[in-house]
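Structural overview
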Amino acid sequence: MSRRITLDEFIVENQTNQNRASGEFSGLLRHIGIAAKIVNRIVNKAGLMDILGLDGNTNSSGDAVQKLDIYANDLMIEYLQNSGLCAGVASEELDEFISFCSDLPAKNKYIVVIDPLDGSSNIDVNISVGTIFGIYKRTSSENDTLQLSDFLQKGNQLVAGGYVLYGTSTMLVYTTGFGVNGFTYDRGIGEFCLSHPDMKIPDKGNNYSINQGYFRQFSQGIQNYLNKCSDENMMLRYIGSMVADVHRTLCLGGVFLYPVTQKNPDGKLRMLYECNPMSFVVEQAGGISIDESGNRIMDLPVDSLHQRSSIIIGSKENIAAVRAFL
Ligand code: FDP
């Protein structure tokens, strides 16, 4: 049996192949991997600890905050800060970005955007949740204080994007713009090991994934597309956890849609730490990601930390089929 490649080994090996020899970027990615292991441990033991249920607050996006959201958020931030390699972080759970610059002796050039625990309304019922992350190079000078504009970058400026899925097994999937690789967590050795090298999304899939309960709130075009899916006996699959729904779409092909609704006229999912990193992964695997107006998600301007967008993401042929109805 051949020895498995760990995430750390893979990152180090690829840092030289991809001309990122400084080690700073690789170190940051590795720290995200370490934080993911800790979040994984907590998510797995959540029922045994007093960390299930609501925290009693709402976040800047108006969502009810779960105790585990806060736990994962604090943990990710602590690890990013302690890495000594991150200039600052923007998170779903924070109204404003945090700058680490003043605490650091070295000048760091990378910032991180995170959704520490995506799909958190699923936590209490033991359904898959995830962590989404994106890494950008800051645009301001490394000698200056961190600016909001460092975070408001288009998705096409991402230097890395990925997610961790806490599912039947825990997987970390990421891209640095050179394809997509997936690592499964091996509890026995406490490491993420390469299990899905060079992931590719099928050109077409039979699954469509959407909260069908909002059918009457969708535009006529989306309603017509959904009727076509039903006419063609396609399989409706919706977990309500973006990471899990997009991961299934990546593996099996098909399409995940979160269109505009009357309740969320700009869409529900957040550009910075949901739509863009997930779009980066899916595009790198050969798929497509657009908004309901047909624009490439990764080319859309980002004007605020918690900006929302509609998203239609998945296999080339499925996206072409949706486009015909937009
Ligand atoms: P959640 O509210 O449970 O955190 O953006 C968050 C998200 O989940 C996504 O993970 C998920 O795809 C979507 O919202 C689910 O929204 P609906 O409950 O409106 O379907």
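So, here is what we can say about the structure in this document. Just so it is clear, the model here is predicted, and its values are computed rather than measured. (Residues numbered from 1 in each chain as written. Predicted model: local features only at pLDDT ≥ 70, side-chain atom pairs only at ≥ 80, totals over all residues. Heavy atoms only, no water.)

On to the overall build of the protein chain, then. Assigned secondary structure in the protein chain consists of seven helices and 17 strands. The globule rule puts the C-alpha radius of gyration for 326 residues at 20 Å, and the 19 Å found for the protein chain is close to it. Across its three principal directions, the C-alpha atoms of the protein chain cover 60 × 50 × 45 Å. In the protein chain, buried positions account for 56% of the 326 residues. Long-range pairs, those at least 24 residues apart, make up 65% of the contacts in the protein chain with a sequence separation of at least 6. Accessible surface for the protein chain amounts to roughly 13,800 Å². Of this, 47% is attributable to carbon and sulfur atoms. Across the protein chain, the mean location of the 27 positive side-chain charges is 5 Å away from that of the 36 negative side-chain charges. (Helix = DSSP H or I, 4+ residues; strand = E, 2+ residues; numbered from the N terminus. Rg over C-alpha atoms; globule rule 2.2 N^0.38 Å. Buried < 20%, exposed > 50% of the residue type's maximum accessible area, 1.4 Å probe, protein only. Contact = heavy atoms within 4.5 Å. Areas by Shrake-Rupley, 256 points an atom, 1.4 Å probe, with all protein chains shown as cover. Lys, Arg positive; Asp, Glu negative; His and termini not counted. Charge placed at Lys NZ, Arg CZ, Asp CG, Glu CD.)

Per the counting criterion, the structure on display carries nine aromatic pairs. Ring centres of tyrosine 185 and phenylalanine 192 lie 5.2 Å apart, and the angle between their planes is 55°; this geometry places the pair in the tilted category. For the pair tyrosine 185 and phenylalanine 192, one class covers both residues: buried. Feature note: the residues Phe10, Tyr174 and Phe183 constitute an aromatic cluster, connected by ring pairs. (Phe/Tyr/Trp six-rings, centres within 6.5 Å; stacked < 30°, edge-to-face > 60°.)

Turning our attention to unusual backbone geometry. Despite not being glycine, asparagine 126 shows a phi value in the positive range, around 60°. The residue asparagine 126 is located in the loop between strand E5 (110–118) and strand E6 (129–137) in this model. With a relative accessible area of 74%, asparagine 126 lands in the exposed category. One non-glycine residue with positive phi stands out, namely aspartate 198, at about 45°. The topology assignment puts aspartate 198 in the loop between strand E10 (191–196) and strand E11 (207–209). Look at aspartate 198 and you get partly exposed, because its relative accessible area is 45%.

Turning to the sheet that holds strand E4 (residues 98–99), a few remarks are in order. Ordered in space as E4-E3-E5-E6-E7-E8-E9-E10, the eight strands form an open sheet in which the pairing is mixed. Where the open sheet ends on each side, the last strands, each with one partner, are E4 and E10. Inspection of the sheet shows strand E9 (residues 180–186) paired to E10 by five bridges, in the antiparallel sense. Bridged to tyrosine 185 within E10 is phenylalanine 192. Where helix H2 (residues 24–45) meets the sheet, it contacts E5, E6, strand E7 (160–166), strand E8 (170–175), E9 and E10, and its direction lies at approximately 165° from that of E6. Contacts from helix H6 (residues 271–284) reach strand E3 (88–91), E5, E6, E7, E8 and E9 within the one sheet, and its direction differs from that of E7 by about 100°. (Pairing = 2+ DSSP bridges. Axes fitted to C-alpha atoms, helices over the stretch in contact; angles between N-to-C directions.)

Another aspect to go through is helix H5 (residues 242–252). Of all eleven residues in H5, nine are buried, a share of seventy percent or more. The positive-phi residue at the C-terminal boundary of H5 is glycine 253, with phi of around 85°.

Below, the discussion takes up the pattern of salt bridges. In the structure shown here, the tally under the stated rule is ten salt bridges. For the salt bridge of glutamate 283 with arginine 296, the shortest nitrogen-to-oxygen distance reads 2.7 Å. In this pair, glutamate 283 is assigned in helix H6 and arginine 296 in the loop between strand E15 (288–290) and strand E16 (308–309), connecting sequence segments 13 residues apart. By relative accessible area, glutamate 283 is classed as partly exposed at 23%. On the basis of relative accessibility, which here comes to 33%, the residue arginine 296 falls in the partly exposed class. Taken together, the salt bridges that share partners define one network made up of Glu92, Arg270 and Glu274. (Salt bridge = Lys/Arg side-chain N within 4 Å of Asp/Glu carboxyl O.)

Burial analysis of E6 places eight of its nine residues in the buried class, which makes it a mostly covered element. Of the strand pairs in this sheet, E5 and E6 are connected by seven bridges, and their pairing is antiparallel. Directly across from isoleucine 111, in E6, lies its bridge partner tyrosine 136. Here E6 pairs with E7 via seven bridges, running antiparallel. Bridge pairing links phenylalanine 133 to glycine 162 in E7.

Read these as layout, nothing more, since geometry by itself doesn't imply function.
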